[in-house]
Amino acid sequence: GLGLNKSIISLNQTTDSEESADNANPADTSLLMKIIRQGLVESKLDIEIQRKDPNSPLYSVKTFEALHLKPNLLKGVYAMGFNAPSKIQETALPTLLADPPQNMIAQSQSGTGKTAAFVLAMLSRVDPTKNYPQVLCLSPTYELAIQTGEVAAKMAKFCPEIKLKYAVRGEEVPRGTKITDHILIGTPGKMMDWGVRFGMFDMNKIKVFVLDEADVMIDRQGHQDQCIRIHKCLPTTCQMMFFSATYDTAVMEFAEIIVPNPIIIRLLREEESLDNIKQYYVKCKSPEEKYTAICNIYGVITIGQAIIFCHTRKTASWLSEKMSSDGHSVAVLSGELTVEQRIAVLDRFRAGLEKVLITTNVLSRGIDVEQVTLVVNFDMPMDLDRKADCETYLHRIGRTGRFGKAGIAINLIDSSLAMQICSDIEAHFGKKIQLLDIEDAEEIE
Ligand code: ADP
């Protein structure tokens, strides 16, 4: 059934040693973003449409009524508090609901309304008078499948005749049974078992196939092959929907296999930029000197809130202990916390209960805290080859138009490698990173 317990959702524990870089895996990041995101990410930017079928002019809708949904489904949408379609929904929904059905590849950053769009399409394609699976939705992990199922259950609140079932670990169907639920949401392995290996439902009767989080899917060993094997058993008339937060070659090659003749829509992303940011570096000889630098900075400028990035959990906890014992209120966000713990940390920080957030690489993107005025790189961001990681630098320091307030970034440099990374980043963005003499720090404000 759909009543799975939320408390089972916890992040895969990283087995990395304390010393290694604390990097998040994409499935965890995606799940966390889903959980902490409260409401839509609105974008001022436009949708880009590729391969528009000239025979079916794409139109967009400004209201949910214009989609002519079943009344009880519309009621469910409104009960979720959705008043108007999001940007991606405006364009995707008419196409997803069109007759004859059209295939779609849609890409937009997380939080823009993709899940709600395809869940609505899945629900409206079901014929509840026929008691067999008609819609398959594949997610890369157990937790992400549950998230999608919960959205479906909410949206179908007034459509009790529509039955959903999870195809995930722990859900068992006795051999020889036929599945009678209309919608199956699950992971590729279980879906393969039920549909392909054990014939518990007729793959030929599937009308809608959704592949969600495709970029996370291809990141997982074996998932891509399983998706392709499931896909091969579907009838050619099946409507294919493919969703991804990113749009790189690997994802698009995968998409080409799964989705013939698609309409491709992309919601362009508001780019982060370094335009409003004053960037500095401070020379230090040791971690202790880096700590002193932070204290000195605190002494001279009034800081709203600050985020300090460290490379390892060990540094993060060392620094937090030191700062706490000096009377600062600090929070720590690192890889060993469960999703619930991370949300709690971020909620407290957003509410201003702590002024300083010390974090490893677990969430360089997505901490949109408006009142953060200072970002400190306690360690410079580098990739596995110990080269400057410019993308991560931009995610840590950069702001989008929405959070366009001025900010200060300070890089603490304690080695020639760190200095090299700093100069490479400066060259990459073509923006000066000034030397800051901490004894004489009045100049930063
Ligand atoms: P994505 O799948 O792109 O990550 P979601 O569909 O999960 O995005 O939507 C992100 C958040 O916005 C969710 O909290 C969802 O409930 C909410 N949301 C989605 N569509 C709308 C809408 N039309 N109006 C208001 N909120 C919406």
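Since this is a predicted model, take the numbers as computed values, not measurements.

The next point concerns the overall build of the chain. When helices and strands are counted, the chain shows 14 helices and 15 strands. Taken across its 445 residues, the chain has 53% of its residues classed as buried. Taking as baseline every contact in the chain between residues at least 6 positions apart, the subset at least 24 positions apart corresponds to 78%. Carbon together with sulfur atoms contributes 50% to the accessible area of the chain, which is approximately 19900 Å² in total.

Here we come to the pattern of salt bridges. One pass over the full model with this rule turns up 15 salt bridges. Its salt-bridge partner being Lys130, residue Asp127 comes within 2.9 Å of it at the nearest N-O pair. Here Lys431 ties to Asp275 by a salt bridge, and the two come within 3.0 Å at their closest N and O atoms. Of this pair, Lys431 sits in the loop between α14 (416-429) and β15 (434-435) while Asp275 sits in the loop between β8 (263-267) and β9 (277-283), placing them 156 residues apart in sequence.

As a packed pair, helix α6 (residues 188-197) and helix α8 (residues 223-232) sit with axes 9 Å apart at the nearest point and diverge in direction by 30 degrees. With respect to α8, the axis of α6 lies roughly parallel. Seen along the crossing, α6 lies across α8 with a hand that is left-handed. Residues Pro188, Gly189, Met191, Met192 and Val196 of α6 lie in contact with α8, whose contacting residues are His223, Gln226, Cys227, Arg229 and Ile230. Grouping the amino acids of the contact of α6 with α8 by side-chain chemistry returns six nonpolar, three polar and one charged.

Turning our attention to the sheet that holds strand β11 (residues 330-333). The seven strands are arranged β11-β12-β10-β13-β14-β9-β15 in an open sheet whose pairing can be described as parallel. Of all strands in the sheet, those bounded by a partner on one side alone are β11 and β15. Where strand β13 (residues 372-377) lies against strand β14 (residues 407-413), four bridges are found, and the strand directions are parallel. Looking at β14, one finds that Asn377 is bridged to Asn411.

This part takes up the site of the ligand. Taken together, 17 residues lie around the ligand, and Ala84, Gln89, Gly111, Gly113 and Thr115 are the ones closest in. The separation between an oxygen atom of the ligand and a polar main-chain atom of Gly113 is 2.9 Å. Contact distances for the ligand include 3.0 Å between an oxygen atom and a side-chain N or O atom of Lys114. In isolation the ligand offers 560 Å² of accessible surface; the protein chains occlude 81% of this area. In terms of residues, the shell around the ligand owes the most to one element, helix α4 (residues 114-125), which gives three residues. Partitioned by chemical class, the residues of the shell around the ligand number six nonpolar, nine polar and two charged.

This brings us to the pairing of β9. Most of β9 sits inside the fold, with five of its seven residues counted as buried. Bridge analysis of β9 against β14 gives seven bridges, and the strand direction is parallel. Looking at the pairing, Ile277 lines up with Gly407 of β14. Of the pairings in the sheet, the one linking β9 to β15 comprises two bridges and is parallel in character. Considered in β15, the bridge of Tyr280 is made with Gln434.

Running from amino to carboxyl end, helix α13 (residues 390-397) crosses α14 at an angle of 80 degrees, the nearest separation of the two axes being 10 Å. Judged by the inter-axis angle, α13 sits roughly perpendicular to α14. Taken together, the residues of α14 that come into contact with α13 (itself represented by Cys390, Tyr393 and Leu394) are Ile425, His428 and Phe429. Residues of the contact of α13 with α14, tallied by class, amount to five nonpolar, one polar and no charged.

With that out of the way, let us pick up the packing of aromatic side chains. Using the criterion set out here, one finds five aromatic pairs in the structure. Look at Phe64 and Tyr78: their rings are 6.4 Å apart centre to centre, the planes differ by 85 degrees, and that puts the pair in the edge-to-face class. Taken as a pair, Phe64 in the loop between β1 (47-50) and α2 (71-79) and Tyr78 in helix α2 lie far apart in primary sequence, 14 residues in all. Residue Phe64 is classed as buried on the basis of its relative accessible area, which comes to 1%. When the ring of Trp318 is compared with that of Phe378, the centres are 6.3 Å apart and the planes differ by 55 degrees; the resulting orientation is tilted. Placement of Trp318 in helix α11 (residues 313-325) and of Phe378 in the loop between β13 and α13 is noted, with a sequence separation of 60 residues between them. When its relative accessible area of 28% is taken as the criterion, Trp318 is described as partly exposed. The ring centre of Phe158 lies 4.6 Å from the NZ or CZ of Lys75, which sits over that ring. The positively charged end of Arg169 is found above the aromatic ring belonging to Tyr142, 4.2 Å away from the centroid.

Here we come to the nonpolar core. With 46 residues, the main nonpolar core has Leu120, Met122, Ile183 and Ile185 as its most contacted residues. When residues in this core are grouped by element, the largest group, eight residues, is from α4. Those residues within four positions of Met122 in sequence are excluded, and the remaining contacts are Val135, Cys137, Ile183, Ile185 and Val210.

Here we take up the pairing of strand β4 (residues 164-167). Consecutive side chains along a regular strand alternate between the two faces of the sheet. Along β4, one buried face is formed by Leu164 and Tyr166 and the opposite face, lined by Lys165 and Ala167, is buried too. With four bridges joining them, β4 and strand β5 (residues 183-186) adopt parallel strand pairing. Counterpart to Lys165 in the pairing with β5 is Leu184.

Reading guide: rules and limits
Residues numbered from 1 in each chain as written. Predicted model: local features only at pLDDT ≥ 70, side-chain atom pairs only at ≥ 80, totals over all residues. Heavy atoms only, no water. Helix = DSSP H or I, 4+ residues; strand = E, 2+ residues; numbered from the N terminus. Buried < 20%, exposed > 50% of the residue type's maximum accessible area, 1.4 Å probe, protein only. Contact = heavy atoms within 4.5 Å. Areas by Shrake-Rupley, 256 points an atom, 1.4 Å probe, with all protein chains shown as cover. Salt bridge = Lys/Arg side-chain N within 4 Å of Asp/Glu carboxyl O. Axes fitted to C-alpha atoms, helices over the stretch in contact; angles between N-to-C directions. Parallel < 35°, antiparallel > 145°, perpendicular 65-115°, else oblique. Left-handed = near helix turned anticlockwise from the far one by under 90°. Nonpolar A, V, L, I, M, F, W, Y, C, P; charged D, E, K, R; others polar. Pairing = 2+ DSSP bridges. Near = heavy atom within 4 Å. Polar contact = N/O pair within 3.5 Å; in protein donor to acceptor, adjacent residues only side chain to side chain. Phe/Tyr/Trp six-rings, centres within 6.5 Å; stacked < 30°, edge-to-face > 60°. Lys NZ or Arg CZ within 6 Å of the ring centre and 35° of its normal. Core = buried A, V, L, I, M, F, W, Y, C linked by side-chain atoms within 4.5 Å.

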